[in-house]
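Report on the structure
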Amino acid sequence: MNDMPGGLAPARLARYRAFEVLAHRVVEGFMTGLHRSPFKGFAIEFDEHRPYSPGDDPKHVDWRLVGKLDRLYVKQYEEDTSLRACLALDCTGSMGYASGSVAKIEYGRYVCGVFAYLLNRQQDAVGFMSFDSGEQTFLPPAATRKHLMAILDRLKQCQAPVGTQGRAALGDVFEQLSHRLTRRALIVIVSDLFDDAEAIIRGLTHFSQRKHEVILFQILDRQEATFSFAGVTQFQSRETGEASLADPVRLRRSYIEQFEAHNSHLREACHRLHIDFVQMFTDEPFQRQMAQYLSARLRR
Amino acid sequence: MLWALLGMLVPVLIHLFNRARHQVVPFGGMMFVESSLRLRARSLRLHALLLLLVRMAIVALLALAAARPVSRSGGQLGPRPVSWVLVLDTSFSMLQENASGTTPFSQAQAAALIMIAQMASADDMSIVLAGTTPRVLFDEPTYDREALRRALKAAKPSYDSGELPAAISQAYLVLQASKHSRRRVVILTDQQAVNWPQDDARWQQLRRQRATLPVQPAHYILFSKALSAAPNLYVHSLQRRGPISHPALPERFEAIVTNPSSSVVRGTATFSVTGQPAELQNLEFWPGDNTLSFPVTFAAPGPKVCSVKIEGDRFTADNTAHLALKVEETVPVVVVNRNRNLPEAAFVHEALRAADDDERIFTISNIDFAEFEQNLTTILQHAHVLVFTDVPSLRQYTVFALEQFVQQGNGLLVACGPESSPAGLARLYKGGEGLIAIHPTEEYTIPQQATPALVESPIWRRAQMPPEALRTVEVRRCRGGEEAETSQRLAEIADRPLISYQRYGHGSTVTILTPLSAEWSNLPLTAAFVPLLHTLILDLGSSEQPPLNVDQGRSFTYLAQLQTAPKSASVRVQTPDTHYDTKLVQDVDGWHLTHRDTTDPGAYWVRPTDPSLPERAFAARLATGESDFTVLPSKRWGHVSSQLDAAVMAAPQALRDAVAEEEEVQDWWQLFLICALLLLCTELILGERHSS
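Description of the overall build of chain A
Helix and strand content of chain A: nine helices and 11 strands. Within the span of chain A, comprising 300 residues, buried residues form 53% of the whole. Considering only contacts within chain A whose residues lie at least 6 apart along the sequence, 74% involve residues at least 24 apart. Entry remark: accessible area of chain A is about 13,700 Å², with carbon and sulfur atoms responsible for 47%.

Shown next, in the form of structure tokens:
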């Protein structure tokens, strides 16, 4: 992985500054930014007039119209607002698998790092959540540089060790996240999505219902997709520690069928829920995959 | 071979070993692994079990096939075609006649013809003749019965030993080209022990070669009973006793007839010259060698073939011997001296004339050395014996020409003279490898009245020269020096050589170490000198050039040295049983012809069409190695048959019965092998499905 950034330093992440993360959906926000707000407020760009009602700030009254029409009208402005985003990184044991030199968790950290940098650079508030089977850490969205540094620090600490604590219930995690984000937001989920597909889709549905925009990054190792082991092998779960002896040559077709079915199911569901589903393999150049996705998103 | 069934355990062990030897991988996608295992666990176990059983069955079937099980239930799979190879012994002993006048060879031919007639329509056959060099008549087994019959009838014994192991080896090579699944090697032979070598290494080598064949052939040996009790007389040799044949010289021939039996056999011996019976003798042949003597006086010069034929046994093929020779019209002798007027030359000339006065065997010329060197080529072409007396130093070219002269079968007598220089004689001696056997460097004086000792030599015996002949010779001075290993002393004086003899190529040379001068010795003045010189010159002129008698199987060469081309180079070559016409070929030596096929012993005549070319007779001597017929002992028979895994039988009917019995035997190994192959295919399919 030659083009993997050597660390999560902003200087290294700066190579992605050509891309701007633009929310395709209207999100609500306080700050003035690139993103169109659904709320008509009192900002720079005029939208329409409306009759004054008690409680309106008298400073918004259009005194010219009062002079002409002798009625009170207040000006309404279309407001640009900043984006609110949250990055969610799966730190369960399966993310620690690496058949080559790069583990999936490492790849995921870079995805999150790149997004955090880009969003922060365009003055958007970015939050971060990491989760595994036991605990979750959450940093609420903020747009300061100090906050960016905090997120990057937290990313560096994310590990996916082999353990026996069990799998994380991704559906539940997503549901909890959607409840945490009270306003509409851009949610970037980075995971291998190795969990019950129905539960994952159920969790994603919560995001859609709450009008969040979701980008779902599925990080995979090539060996997980091809299952090209040889000889009798004892496979040990990185999450539960359970072991199964199998001849991978004879198991391959069945494995691949199920793997493909799982991913297809997720992909269809994402399509239905208007969620970007991005599959990344750790043996492919990170920079190229990331650049492809961001440039494609920019064109839309 | 059934112990190989233990091999069934090998797949089980491999299975267990593979299970025990596994790697541990902490894996991310365990949810898919576990669900796949849940889905396929049962079918995988069933497949694994099935595969294991199939593999064990393959090993078991291969073990059974290797054990070559047979049953006598009859040909359930139907008769299968057979490739036959007949190994027909064509050794000399196959010509031995039995009481009914037939030979083992004719019996073997008849048995082979019956086999050809009784072959199944899908069978094919080849024939190998087991002579000294095996001859394969059909490189691949053929279906053409008529061709097989023709080849069999045209086959002839080789008049020599039969190399049966080599012939069987050739049979295996032929069988490699066979397409049939059954193969048979039938050896038709007699019980002559010579044909079955005792060298076990050869039989083991044959076994190794047989093991490389894809299908093992069945071996049958059909032998004809030998006349072990009957005496077998044979002519061991026929030789001329005199050194040279000439109409003026009475000749005597000696034949050695061997009776290998332990009893006296009565018989007759007929001596003939060029087909004309000269003498018939009724004799008793005692056990061992019997020497017969035939005195002959040739009426005219020319090529002759003398033959001796005995009658007294049934094995007649070795009862005749031939000897080709040339009855000389004259022997050209050239006496060369430093000066023809010197007494040494005169002594030699006069002595030869005196010796030859009545017989006129020699044509004597007396020339100076200068004249000799001047006409060297012409003189050497016409002379048969050269006599050098007191010759000065010879040039290198002259020495070379003399070497060629003697090498080709002529004679040279060198009598040292007072003027003969040691350096010149050294060129003739050549460190012991030259023409003369003594290097006369030293000149010494011998006490007066010294008497030379006559050394026993075949030359003196042949000349019937009395030992006392040289007693009166007084040698005062003599030459001596280095003596070659090939030197053969004919006479010596005070333990030093006086007269030495040696063979050189086809010719011979004699060196007399005292000059033929009264100053050195009284040798030329004694009465012994004339018979001495006569004997030596006759012996030097006795060489044949080229050799007229060759061993059976060797080639002979007709050579005519002509100054000009003959009118016709056509010649007719008459062999013992046929003749053919051909042409002479010219090369540097002259006009020549080489005949190579002397398989048949007997007389061979080369008769040119041009009368200026001489007619010549040659003879091929029978190799009588097989005449001493020894029956292979029964113990050796058992050993040989076990080496070949062969069934030995004496009657053609027994062979037919054995073959019929073999047809009934059902071989099961092929069926087991086919089943194993089918299971192997099943295993491959199952394995592939199992993997997928």
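Having seen the structure, we can now continue with the description.
Considering the overall build of chain B
Along chain B, the regular secondary structure elements total 16 helices and 34 strands. Across the 692 residues in chain B, those meeting the buried criterion constitute 51%. Partitioning the intrachain contacts of chain B with sequence separation of at least 6 by distance along the chain shows that 75% fall at a separation of at least 24. As displayed, chain B has an accessible area near 31,600 Å², and 54% of this comes from carbon and sulfur atoms.

What to know about empty space enclosed by the protein
Counted under the stated rule, the structure contains four cavities of 30 Å³ or more. Each pocket or cavity is described by its volume, and for the largest cavity that value is around 70 Å³. Among the elements of the structure, strand S18 (411-415) and helix H11 (422-429) of chain B are those that each provide at least two residues to the lining of the largest cavity. In terms of residue count, H11(B) provides more of the lining of the largest cavity than any other element does, three residues in total. Of the residues contributing to the lining of the largest cavity, the split by class is eight nonpolar, four polar and one charged. Empty space within the second largest cavity amounts to approximately 40 Å³. Lining the second largest cavity, in full, are Asp90(A), Thr92(A), Arg167(A), Ala168(A), Leu170(A), Asp192(A), Phe194(A) and Glu239(A).

Here's the deal with the sheet that holds strand S5 (residues 135-136) of chain B
All names here are of chain B. What the six strands build is an open sheet, ordered S5-S4-S3-S6-S7-S33; its pairing is mixed. Edge positions in the sheet fall to S5 and strand S33 (646-649), since each has one partner strand and no second. Both strand S3 (residues 82-89) and strand S4 (residues 124-130) contribute to a ladder of seven bridges, which runs parallel. Looking across to S4, one finds that Val87 is bridged to Val128. Lying on the sheet, helix H3 (residues 104-118) is in contact with S3, S4, strand S6 (182-189) and strand S7 (218-223); it crosses S3 at an angle near 170 degrees.

Considerations on the sheet that holds strand S11 (residues 276-285) of chain B
Residues and elements named next belong to chain B. With respect to topology, four strands assemble into an open sheet ordered S11-S10-S13-S14, the strand pairing being antiparallel. Each edge of the sheet is formed by a strand with only one pairing partner; in this case those strands are S11 and strand S14 (320-327). Along the sheet, successive strands turn relative to each other by an average axial angle of 15 degrees, direction set aside. Sheet analysis places strand S10 (residues 265-273) next to strand S13 (residues 302-311), joined by six bridges and oriented antiparallel. In the sheet register, Phe271 faces S13, and the bridge partner there is Val308.

Section: the interface of chain B and chain A
On the side of chain A, 30 residues touch chain B, which itself brings 26 residues to the contact. Between chain B and chain A lies a buried interface of about 2,700 Å² when both sides are counted; carbon and sulfur atoms form 63% of it. Summed over the three residues of chain B that lose the most area to chain A, namely Phe27(B), Met31(B) and Phe32(B), the buried surface amounts to 24% of that side. Remark: the boundary between chain B and chain A carries zero salt bridges. Remark: the boundary between chain B and chain A carries eight residue pairs in polar contact (both at pLDDT 80 or more).

Brief notes about a nonpolar patch on the surface
Residues and elements named next belong to chain B. On the surface, Leu62, Leu673, Leu677, Leu680 and Leu684 cluster together into a nonpolar patch covering about 440 Å² of accessible area. Checked against the element boundaries, Leu680 lands in helix H16 (residues 669-691). On the basis of relative accessible area, Leu680 is assigned to the partly exposed category, the value being 38%.

Description of the side chain of Ser208(A)
Residues and elements named next belong to chain A. By the element assignment, Ser208 lies in helix H6 (residues 197-209). On the basis of relative accessibility, which here comes to 16%, the residue Ser208 falls in the buried class. Not counting chain neighbours up to four residues away, the residues in contact with Ser208 comprise Leu273 and Ile275.

Focus: the pairing of S18(B)
All names here are of chain B. Counted residue by residue, S18 has five buried out of five residues, so it is predominantly covered. Burial along S18 is two-sided: Gly411, Leu413 and Ala415 and Leu412 and Val414, pointing in opposite directions, are all buried. The pairing of strand S17 (residues 385-389) with S18 spans five bridges and is parallel. Its bridge partner being in S18, Leu386 is matched across the sheet by Leu412. Tracing the backbone out of S17, into helix H10 (residues 396-407) and back to the parallel element S18 gives a crossover that is right-handed. By the bridge criterion, five bridges tie S18 to strand S24 (residues 507-512) in an arrangement that is parallel. Looking across to S24, one finds that Gly411 is bridged to Ser508.

A look at the packing of H3(B) against helix H4 (residues 145-154) of chain B
Residue and element names in this part refer to chain B. It is the contact of H3 with H4, at a shortest axis distance of 10 Å, that shows an interaxial angle of 180 degrees. Taken together, the axis directions place H3 and H4 in an arrangement best described as roughly antiparallel. Side by side, H3 and H4 meet where Gln109, Ala112, Leu113, Ile116 and Ala117 of the first sit next to Arg145, Leu148, Arg149, Leu152 and Lys153 of the second.

Examining the pairing of S10(B)
All names here are of chain B. By the criterion of burial, S10 is predominantly enclosed, with seven of the nine residues buried. Across nine bridges, S10 lies against S11 in antiparallel orientation. If you follow Ala269 over to S11, its bridge partner there is Gln281.

Points about the environment of Ile201(A)
All names here are of chain A. Assignment of secondary structure puts Ile201 in helix H6. Under the relative-accessibility criterion, Ile201 is labelled buried at 6%. In this structure the C-alpha to C-alpha distance between Ile201 and Leu273, which are 72 residues apart in sequence, comes to 9.1 Å. The contact partners of Ile201, leaving out residues within four places of it in the chain, are His265, Leu266, Ala269, Arg272 and Leu273.

So, H11(B)
All names here are of chain B. All of the buried residues along H11 are Gly424, Leu425, Leu428 and Tyr429. For H11, the buried positions fall inside an angular range of 145 degrees around the axis, keeping them on one side. Immediately beyond the C-terminal end of H11, within one or two residues, lies Lys430, with a positive phi of roughly 50 degrees.

Examining the pattern of salt bridges
Side chains carrying opposite charge are able to pair once their charged atoms draw close together. On inspection of all chains with the given rule, the structure shows 25 salt bridges over all chains. The partner of Asp645(B) in a salt bridge is Arg207(B), with the nearest N and O atoms 4.0 Å apart. Taken as a pair, Asp645(B) in the loop between helix H14 (634-644) and S33 and Arg207(B) in helix H6 (residues 200-211) lie far apart in primary sequence, 438 residues in all. It is possible to trace a salt-bridge network through shared partners that takes in Lys104(A), Asp192(A) and Glu224(A).

Some points on the confidence of the model for chain A
Of the residues in chain A, 82% reach a pLDDT of 70 or more, and the chain-wide mean stands at 80. In the predicted structure, residues 22-34 of chain A sits below a pLDDT of 50 and forms 51 contacts with residues beyond four places in sequence or in another chain.

Looking at the packing of aromatic side chains
In total, this model carries 28 aromatic pairs over all chains according to the counting rule given. Aromatic pair Trp196(B) and Trp203(B): ring centres 5.8 Å apart, planes at 15 degrees, arrangement stacked. Trp196(B) gets classed as buried once you look at its relative accessible area, which sits at 1%. Among the aromatic residues, ring-to-ring pairing joins Tyr97(A), Phe194(A), Phe227(A), Phe229(A), Phe235(A), Tyr255(A), Phe259(A), Phe27(B) and Phe32(B) into one connected group. Directly above the ring of Trp84(B) sits Arg184(B), whose terminal nitrogen or CZ lies 4.9 Å from the centroid. The cationic tip of Arg477(B) hangs over the ring face of Trp520(B); the distance from NZ or CZ to the ring centre is 4.4 Å.

Quick word on the packing of helix H5 (residues 170-180) of chain A against H6(A)
Residues and elements named next belong to chain A. At a minimum axis distance of 7 Å, the contact between H5 and H6 shows a crossing angle of 10 degrees. Between H5 and H6, the angle is such that the two are roughly parallel. Here Leu170, Gly171, Phe174, Glu175, Leu177 and Ser178 of H5 lie close against H6, whose contacting residues are Ala199, Ile200, Gly203, Leu204, His206 and Phe207. The class makeup of the residues in the contact of H5 with H6 is seven nonpolar, four polar and one charged.

Overview of unusual backbone geometry
Residue and element names in this part refer to chain A. One non-glycine residue, Gln123, lies in positive phi territory at about 65 degrees. Locating Gln123 in the fold gives a position in the loop between helix H3 (104-121) and strand S5 (125-131). Backbone geometry places Leu193, a non-glycine residue, at a positive phi of 60 degrees. Within the secondary structure, Leu193 is located in the loop between strand S7 (186-191) and H6.

Parameters and conventions
- Residues numbered from 1 in each chain as written.
- Chains lettered and ligands numbered in written order.
- Predicted model: local features only at pLDDT ≥ 70, side-chain atom pairs only at ≥ 80, totals over all residues.
- Heavy atoms only, no water.
- Helix = DSSP H or I, 4+ residues; strand = E, 2+ residues; numbered from the N terminus.
- Buried < 20%, exposed > 50% of the residue type's maximum accessible area, 1.4 Å probe, protein only.
- Contact = heavy atoms within 4.5 Å.
- Areas by Shrake-Rupley, 256 points an atom, 1.4 Å probe, with all protein chains shown as cover.
- 1 Å grid on protein atoms, 1.4 Å probe; cavity = no way out; pocket = protein on both sides within 12 Å on 5 of 7 lines; lining within 4 Å.
- Points joined across faces, edges and corners; volume = space filled by probe spheres on them.
- Nonpolar A, V, L, I, M, F, W, Y, C, P; charged D, E, K, R; others polar.
- Pairing = 2+ DSSP bridges.
- Axes fitted to C-alpha atoms, helices over the stretch in contact; angles between N-to-C directions.
- Buried area = accessible area lost by both parts, 1.4 Å probe.
- Salt bridge = Lys/Arg side-chain N within 4 Å of Asp/Glu carboxyl O.
- Polar contact = N/O pair within 3.5 Å; in protein donor to acceptor, adjacent residues only side chain to side chain.
- Patch = residues over 30% accessible without salt bridge, like charges linked within 9 Å, V, L, I, M, F, W, Y side chains within 5 Å.
- Right-handed = clockwise from strand over helix to strand, strands pointing away.
- Parallel < 35°, antiparallel > 145°, perpendicular 65-115°, else oblique.
- Arc of directions from axis to C-beta.
- pLDDT = per-residue confidence, 0-100.
- Phe/Tyr/Trp six-rings, centres within 6.5 Å; stacked < 30°, edge-to-face > 60°.
- Lys NZ or Arg CZ within 6 Å of the ring centre and 35° of its normal.

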